[in-house]
Amino acid sequence: MRYFLSIISIALVGMVGTSPAIAQEHLKIVDEPLELTVHMHHKRYPAYNEEWPVEQEARRLTNIHLKNATMGSNTDNSGEAMNLLLASGNIPDIVGTSRIKDIVNQYGPQGAFLPLNDLIEKHAPHLKAYFDARPDVRSSITAADGNMYYIPYLPDGKYGRAYFIRYDWLDKLGLDVPQNVDEVKATLEAFRDQDPNGNGLKDEVPYFARQWEELIRLVTLWDGRSSGSDIYHDFYVVNGQIKHPYAGEGYREGIKNLTQWYEEGLIDAEIFTRGSSAREYLLSENLGGMTHDWFASTSGYNTTLQDKIDGFLFKAFAPPASISGARIEENRRIPVKPDGWAIGGTNEHPVETIKYFDFWFSPEGRNIVNFGVEGVHWTMEDGKAIFTDAILGTGRPVNSQLYELGAQLHARGYFQDYGYEIQWSNEYALEGIALYDEGDYLIDQFLGVAFSEDEQKVYDKYWTSLRTYMLERQQAWILGTGDVEADWDDYNSDLNSMGLSDVLAAMQSAYDRQYGS
């Protein structure tokens, strides 16, 4: 990796005098180089790397030089790394990490992190313009004391996951694309019984998923909910009221039916244990029939497997109608993540730091953070950043390459450009997105809340044990240990005695304060 980065760095040095970005003097924040320390931790990159080409380019343009001060870089658990950092009592100038929102909202008011409101108003015109245009995002990251303490990673685009099915299997069996929950079941039964892969064995896996939570997502077919955001098991909002999906009647009905589907072999017997390799293995071995997964990466199998599996066609189809006739896609790209970065409370250069944060929201900075270095990884064509063969010609996943360059890092506060993903989305992905766009299946998302100190205490006291209990019962029911119908009243009684009503009240209080206006 260091060799790869060094080669890129040498290439960048050789570009001085020719790069179209060279003349961008207006981006320089300080005349003389200013060093700021940074803790940057994410599962994909457990430490900041000063040699990332994107960081080298940002240094050249801004004169701000970040120096690595990451704690816990020997673990891929960002929470553990953050605990080490807080316990050290030595907060760097910049702190970037996964799920930073709760940390800064708790410790910012105590002085561990600087409030950003006035800094943004006075010194960060691009950030100010963004938040002025998106007051909902501003509200979602505002702490209980009215201050913003971090700049978030802001995803772009609407669509994330979709329903996918083997169209070639449907054609072979003379079946239409399923349009409702009953037709889905009938289709999965046909996949199980009618040998669509043609090997003479009853080895097909009708429904599979890389994340077992995508099985629970199917409760929406019985008008239940599995989450209110793109975070699994999250709360959701109905007419201004906070609820949890695992206490609803639609969820109960959904789990009852999924238990039956699992028992009948319509769901991967290893759904809870196969893990992230499920999609690769089951599609490559011509075994998997249906899933719910990401548009771009899942559609990519049509390119990689069509030569290996005769007629292979795995495409998105519209969300099936539920028992009430509702067609919804519960998963979508949330406009704001709890990931990002903040300014440490002892930072002696807060103005320069917020200007550095603002750089990544400028047109030039946004291109760099999304696509890499101009002239090396992308060129400007008709006003759009277009990847060069240095990225698209490698055959490797584009997002993985960008992480290696220091681009698309979620522990940095930046505004993603969906144009980066469109360029490696094939015709099947784009066709599926158009299908979902036409049907308008997406539903609103819960953007989270910021607790007061008292609300945080209630949440911390009850939520972890509640969530554990919910997931234990969920899995036990599907695997056949217990009966959700018979257990339902006792289950809800247990949730209340374990503090669910108190958690919901605390969340409602925070939600009303944060979004009431």
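Residues numbered from 1 in each chain as written. Predicted model: local features only at pLDDT ≥ 70, side-chain atom pairs only at ≥ 80, totals over all residues. Heavy atoms only, no water.

Visitor: Which residues make up the overall build of the protein, and what values go with them?
Guide: Across its full length, the protein carries 23 helices and 13 strands. In terms of overall dimensions, the protein has a C-alpha envelope of 70 × 55 × 40 Å along the principal axes. As presented, the protein carries roughly 21700 Å² of accessible surface, and 48% of it is formed by carbon and sulfur atoms. Put simply, the protein has 44 plus and 77 minus side-chain charges, and the middle of one group is 2 Å from the middle of the other. (Helix = DSSP H or I, 4+ residues; strand = E, 2+ residues; numbered from the N terminus. Areas by Shrake-Rupley, 256 points an atom, 1.4 Å probe, with all protein chains shown as cover. Lys, Arg positive; Asp, Glu negative; His and termini not counted. Charge placed at Lys NZ, Arg CZ, Asp CG, Glu CD.)

Visitor: Which residues make up the pairing of strand β11 (residues 340-343), and what are the values?
Guide: Covered by surrounding structure in β11 are G340 and A342 together with W341 and I343, the residues of both alternating faces. By the bridge criterion, four bridges tie strand β3 (residues 94-97) to β11 in an arrangement that is antiparallel. Considered in β11, the bridge of V95 is made with A342. (Buried < 20%, exposed > 50% of the residue type's maximum accessible area, 1.4 Å probe, protein only. Pairing = 2+ DSSP bridges.)

Visitor: I'd like to hear about the sheet that holds strand β10 (residues 314-317), residue by residue, with values.
Guide: Spatially, the four strands line up as an open sheet ordered β6-β9-β5-β10, and their pairing is mixed. Across the chains shown, the open sheet's two edge strands, defined by having one partner strand only, are β6 (205-207) and β10. Sheet twist, expressed as the average angle between the axes of neighbouring strands with direction ignored, equals 35 degrees. With four bridges joining them, strand β5 (residues 161-166) and β10 adopt antiparallel strand pairing. The residue of β10 that forms the bridge with R166 is F314. Strand contacts of helix α20 (residues 427-439): β5 and β10, with the helix running at about 15 degrees to β10, the strand carrying the most contacts. (Axes fitted to C-alpha atoms, helices over the stretch in contact; angles between N-to-C directions. Contact = heavy atoms within 4.5 Å.)

Visitor: An account of the environment of F415 is needed here, citing residue identities and associated values.
Guide: Its location among the elements puts F415 in the loop between α18 (398-405) and α19 (419-422). Residues F415 and P155, 260 residues apart in the sequence, show an inter-C-alpha distance of 6.4 Å. In this structure F415 touches Y130, L154, P155, D156, F361, R366 and N370, once residues within four positions along its chain are discounted.

Visitor: Hey, could you go over the side chain of R192 for me, with residue numbers and the actual values?
Guide: If you trace the backbone, R192 turns up in helix α9 (residues 181-193). Within polar-contact distance, the side chain of R192 engages the side chain of D193 at 2.7 Å. Beyond its immediate chain neighbours, meaning those up to four positions away, R192 contacts K202, E204, P206, E264, G265 and L266. (Polar contact = N/O pair within 3.5 Å; in protein donor to acceptor, adjacent residues only side chain to side chain.)

Visitor: How would you sum up the sheet that holds β11? Please name residues and give values.
Guide: Strand order in the open sheet formed by five strands is β2-β1-β3-β11-β4, with mixed pairing between adjacent strands. With one partner strand each, in any of the chains shown, β2 (64-68) and β4 (151-152) form the two edges of the open sheet. Strands β1 (34-41) and β3 of the sheet are contacted by helix α3 (residues 78-88), whose axis makes an angle of about 135 degrees with β1. Relative to the sheet, helix α4 (residues 100-107) contacts β3 and β11, its axis offset from that of β11 by approximately 20 degrees.

Visitor: Can you tell me about unusual backbone geometry, naming the residues and giving the values?
Guide: Non-glycine residue N63 carries a positive phi angle of around 70 degrees. Considering the arrangement of structural elements, one finds N63 in the loop between α2 (53-62) and β2. The phi dihedral of D440 falls on the positive side, at around 55 degrees, and the residue is not glycine. Tracing the sequence through the fold places D440 in the loop between α20 and α21 (453-478). Overall, the relative accessible area of 62% leaves D440 in the exposed class.

Visitor: Describe the environment of A326, naming the residues involved and giving the relevant values.
Guide: Its location among the elements puts A326 in the loop between β10 and β11. Along the primary structure A326 and A476 are separated by 150 residues, whereas in three dimensions their C-alpha atoms are 28 Å apart. Aside from chain neighbours lying at most four places away, what touches A326 is D223, P320 and A321.

Visitor: Residues and numbers for the pattern of salt bridges, please.
Guide: Overall, the coordinates contain 35 salt bridges when judged by the stated rule. Note that R225 and E330 form a salt bridge whose closest N and O atoms lie 2.8 Å from each other. In this pair, R225 sits in the loop between α10 (213-216) and β7 (236-238) while E330 sits in the loop between β10 and β11, placing the two residues 105 residues apart along the sequence. Given a relative accessible area of 15%, R225 falls into the buried group. Residue class for E330 comes out buried when judged on its relative accessible area of 3%. Salt bridges here are not isolated pairs; linked through shared partners, they connect R161, E214, R217, R225 and E330. (Salt bridge = Lys/Arg side-chain N within 4 Å of Asp/Glu carboxyl O.)

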